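# Structural overview
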Amino acid sequence: MENQSMTLKILLPFMVFAEIENVIRIVVETGSGAFGLLPQRLDGVAALVPGILIFETASEDVQYLAIDEGILIKSGREVLVAVRNAIGGANLGKLRESVEKEFMELDETERKVRSVMAKLESGFIYQLEKFSKR
């Protein structure tokens, strides 16, 4: 069974969210749709979108994690998923709600911050131009 399983590691910017041994199947969402991994699949990389990560271990039922955008890297038996945020421990319906509510709110906050930063930068450039013309 050793060659027929993977190790799944979920990485957040500030910590290791989870490390799961004996994973036999993983399904993630990409910009092109759902993407599945089995232990014998070739190594690769995939860009992930906010959604539900599904995995199954040899000893447990299917598990679900809500993840934010990030990247998946499969190298041999190890699968690394680096994301900005992750939520686990809830049923599938609540996880979908969490993704839509929490992660989308983060995106809206980031858009607002970027808008404020753009205004600050343009104001700074305007003041710099005025100063350089003196």
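All figures in this text were calculated on a predicted structure; none of them were measured in a lab.

## What about the overall build of the protein chain?
Check the secondary structure of the protein chain and you find one helix and nine strands. Secondary structure elements of the protein chain, listed N to C terminal, follow the sequence β-β-β-β-β-β-β-β-β-α. Residues counted as buried form 28% of the 134 residues belonging to the protein chain. When contacts within the protein chain are restricted to residue pairs at least 6 apart in sequence, long-range pairs at least 24 apart make up 48% of them. Entry remark: accessible area of the protein chain is about 8,700 Å², with carbon and sulfur atoms responsible for 56%.

## Here's the deal with the side chain of S5
Tracing the chain through its elements places S5 in the segment before β1 (6-12). For S5, a relative accessible area of 1% puts it in the buried group. Aside from chain neighbours lying at most four places away, what touches S5 is N22, V23, P39 and R77.

## A few points about the pattern of salt bridges
Where side chains of opposite charge bring their charged atoms close, a pairing between them can arise. In this structure the tally under the stated criterion is four salt bridges. One salt bridge connects K74 with D43, and the closest N-O pair in it is separated by 3.9 Å. Of this pair, K74 sits in strand β7 (residues 70-75) while D43 sits in the loop between β3 (33-37) and β4 (44-48), and the two are 31 residues apart along the sequence. Take K74: its relative accessible area is 3%, and that puts it in the buried class. Close ionic contact of R84 with D68 constitutes a salt bridge, the shortest N to O distance being 3.4 Å.

## Concerning the pairing of β1
Counting buried residues along β1, six of its seven residues qualify, which places the element largely inside the surrounding structure. As paired strands, β1 and strand β2 (residues 15-30) are joined by six bridges and run antiparallel to one another. Bridge assignment links K9 to a residue of β2, and that residue is E19. Counting the residues between successive antiparallel strands, the hairpin from β1 to β2 contains two residues.

## Overview of the nonpolar core
Membership of the largest hydrophobic core comes to 20 residues, with the highest contact counts inside it found for L8, I10, I26, L53 and V81. The set of elements that each furnish at least two residues to this core consists of β1, β2, β5 (51-57), β6 (62-67) and β8 (78-83). Ranked by residue count, the leading element in this core is β2, at five residues.

## Looking at unusual backbone geometry
Non-glycine residue N22 carries a positive phi angle of around 60 degrees. Inspection of the secondary structure puts N22 in strand β2.

## Quick notes on the pairing of β8
Burial of the side chains of β8 is restricted to one face: V79, V81 and V83 are buried, whereas none of E78, L80 and A82 on the reverse face is. Strand direction decides the pairing type here: β1 and β8, joined by five bridges, are parallel. What sits directly across from I10, in β8, is V81. Note: β7 against β8, six bridges, orientation antiparallel. Across the sheet, residue I71 finds its bridge partner in β8, namely A82. In sequence, β7 turns back onto β8 through a hairpin of two residues, with G76 there showing a positive phi of about 65 degrees.

Cut-off values and rules
Residues numbered from 1 in each chain as written. Predicted model: local features only at pLDDT ≥ 70, side-chain atom pairs only at ≥ 80, totals over all residues. Heavy atoms only, no water. Helix = DSSP H or I, 4+ residues; strand = E, 2+ residues; numbered from the N terminus. Buried < 20%, exposed > 50% of the residue type's maximum accessible area, 1.4 Å probe, protein only. Contact = heavy atoms within 4.5 Å. Areas by Shrake-Rupley, 256 points an atom, 1.4 Å probe, with all protein chains shown as cover. Salt bridge = Lys/Arg side-chain N within 4 Å of Asp/Glu carboxyl O. Pairing = 2+ DSSP bridges. Core = buried A, V, L, I, M, F, W, Y, C linked by side-chain atoms within 4.5 Å.

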